[in-house]
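Working through the structure, step by step
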Amino acid sequence: MSKVALVKEGNIAIISVQRPEALNALSREIVDEMDVLIEEVKKDADLRCLIFHSEKNFAAGADIKAMAGCNEEEAKAFGFSDVYDKIAELPIPTIAAIEGYALGGGMELAMTADMRIAGESAKMGFPEVTLGIFPGAGGTIRVPKLVGPAFAKELIFSGDAVSAERALQMGLVNRVVADNQVLEEAKKLAGRIAKRGPVAVRMVKEVITRGLEEPDVNKGAAMEAEQWAKLFNTYDQKEGMKAFMEKRKPVFENR
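Procedures and definitions
- For every chain, the first residue of the written sequence is number 1, and numbering continues from 1 onward in sequence order.
- The predicted origin of the model limits local features to residues at a pLDDT of at least 70 and limits the giving and counting of side-chain atom pairs to 80 or more, whereas totals for whole chains, interfaces and linings rest on all residues.
- The side-chain figures draw on all heavy atoms in the structure; neither hydrogens nor water molecules are used.
- Each patch groups residues whose relative accessible area exceeds 30% and which form no salt bridge, using 9 Å between like charges and 5 Å between nonpolar side chains of Val, Leu, Ile, Met, Phe, Trp and Tyr.
- For accessible areas, the Shrake-Rupley method is used with a probe of radius 1.4 Å. Any residue's cover is judged against the shown protein chains and nothing else.
- Basic side-chain nitrogens of Lys or Arg form a salt bridge, by our definition, when they fall within 4 Å of a carboxyl oxygen of Asp or Glu.
- Note on charges: Lys and Arg go in the positive column, Asp and Glu in the negative column, and His and the chain ends are not counted at all.
- A charge is said to be at NZ when it belongs to Lys, at CZ for Arg, at CG for Asp and at CD for Glu.
- Helix numbers and strand numbers start at the N terminus; a helix is a DSSP run of H or I with at least 4 residues, a strand a run of E with at least 2.
- Categorising residues by exposure relies on relative accessible area from a 1.4 Å probe, with only protein chains included: less than 20% of the type maximum marks a residue as buried, more than 50% marks it as exposed, and the intermediate range marks it as partly exposed.
- Only protein atoms enter the 1 Å grid used here, on which a cavity is any set of points holding a 1.4 Å probe that cannot leave and a pocket is any open set flanked by protein within 12 Å on both sides along at least five of seven lines; residues with an atom within 4 Å of a point are listed as lining.
- Grid points are joined across faces, edges and corners, and a volume is the space filled by probe spheres set on the points.
- Only Asp, Glu, Lys and Arg are considered charged, only Ala, Val, Leu, Ile, Met, Phe, Trp, Tyr, Cys and Pro nonpolar, and every remaining residue, Gly among them, polar.
- Only the contacting stretch of a helix is used when fitting its axis, a line to C-alpha atoms as for every element, and angles between N-to-C directions run 0 to 180 degrees.
- Orientation labels follow simple angle bins: below 35 degrees gives roughly parallel, above 145 gives roughly antiparallel, 65 to 115 gives roughly perpendicular, and whatever is left gives oblique.
- By definition, residues are in contact when any of their heavy atoms lie within 4.5 Å.
- The pairing criterion for strands is at least two bridges between them, as found by DSSP.

**Examining a positive patch on the surface**
- Together, R192, K195, R196 and K249 make up a region of like positive charge exposed at the surface.
- For R196, the position within the fold is in the loop between α9 (182–194) and α10 (198–213).
- The exposure class assigned to R196 is partly exposed, which follows from its relative accessible area of 48%.

The structure is reproduced here in structure tokens:
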């Protein structure tokens, strides 16, 4: 029986882990199921935004029992980086809607998203060092880039979980909302994004990613200007500006 579900609501997709008896902890099998659904999302040209959300608990880490006896080669096979990298590279915006626990591999999944919304009771962290390991699915790379090295080291070296408010202070999440409003707030944000020019949104996601990787600000700005100018070859740019001048809402066609 599948432990991961994909639901499409208009042009928004929601992927959820359905393993409540284990606080939605992740296994290699679950991540492989997620991989299949990510491929489906990639092929659906109508989708504008993807939300990751699981009821009560986002994902309480990885399945420790499955990892405990691994040797080095088995650990490499168990790791989630291949799928997490694919999620991070999705062309459409992604949102992690975090309820309850988001720990270890679960928090690393949240870190692959472009934005994070947390419930006020959420607990987030990287407890791997308490098990004699450290985050191995992008956590040591993505967290410092998001919150800076000092906060990242505090989280990863201590292994302590932090509250939603502390995560907000660190910059680990974008906003904190009532626990029962997490998914609704994510849908509202996704809905607003879905109404914007889809070609521009996809392109600017790529530009931001490339810009963060470019150490030379002037080179980054030149790349931005080049990509920006390309949008003037698109139908959606003509429609968007025409609609503005005609004082109406644009009807984008994703081209």
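Having seen the model, we can carry on.
**Some details on the layout of surface pockets**
- In this model, the largest pocket occupies a volume close to 970 Å³.
- Together, 28 residues line the largest pocket, and A88, D114, K205, T209 and L212 are the ones closest to its centre.
- Elements supplying a minimum of two residues to the lining of the largest pocket: α4 (81–88), α5 (105–112), β7 (115–119), α6 (139–147) and α10.
- In terms of residues, the lining of the largest pocket owes the most to one element, α10, which gives 10 residues.
- Along the lines of polarity and charge, the residues of the lining of the largest pocket split into 14 nonpolar, 3 polar and 11 charged.

**Focus: the packing of α10 against helix α11 (residues 217–230)**
- At a closest axis distance of 10 Å, the pairing of α10 and α11 adopts a crossing angle of 170 degrees. The angle between α10 and α11 places the two elements in the roughly antiparallel class. Taken together, the residues of α11 that come into contact with α10 (itself represented by M203, V207, R210 and G211) are M223, E224, Q227 and K230.
- A breakdown of the residues in the contact of α10 with α11 according to their chemical character gives 3 nonpolar, 2 polar and 3 charged.

**Let's talk about the sheet that holds strand β10 (residues 175–177)**
- With mixed pairing, 6 strands are arranged side by side in an open sheet as β1-β2-β3-β5-β7-β10. Two strands lie at the open edges of the sheet, namely β1 (4–9) and β10, each paired on one side alone. Sheet twist, expressed as the mean angle between neighbouring strand axes with direction ignored, is 20 degrees.
- Alignment of β7 against β10, held across 3 bridges, turns out to be parallel. By the bridge assignment for β10, I117 is matched with R175.
- Packed onto the sheet, helix α1 (residues 28–43) meets β1, β2 (12–17) and β3 (49–53) and runs at close to 25 degrees relative to β1.
- Running at roughly 155 degrees to β7, α9 makes contact with β1, β2, β3, β5 (94–98), β7 and β10 of the sheet.

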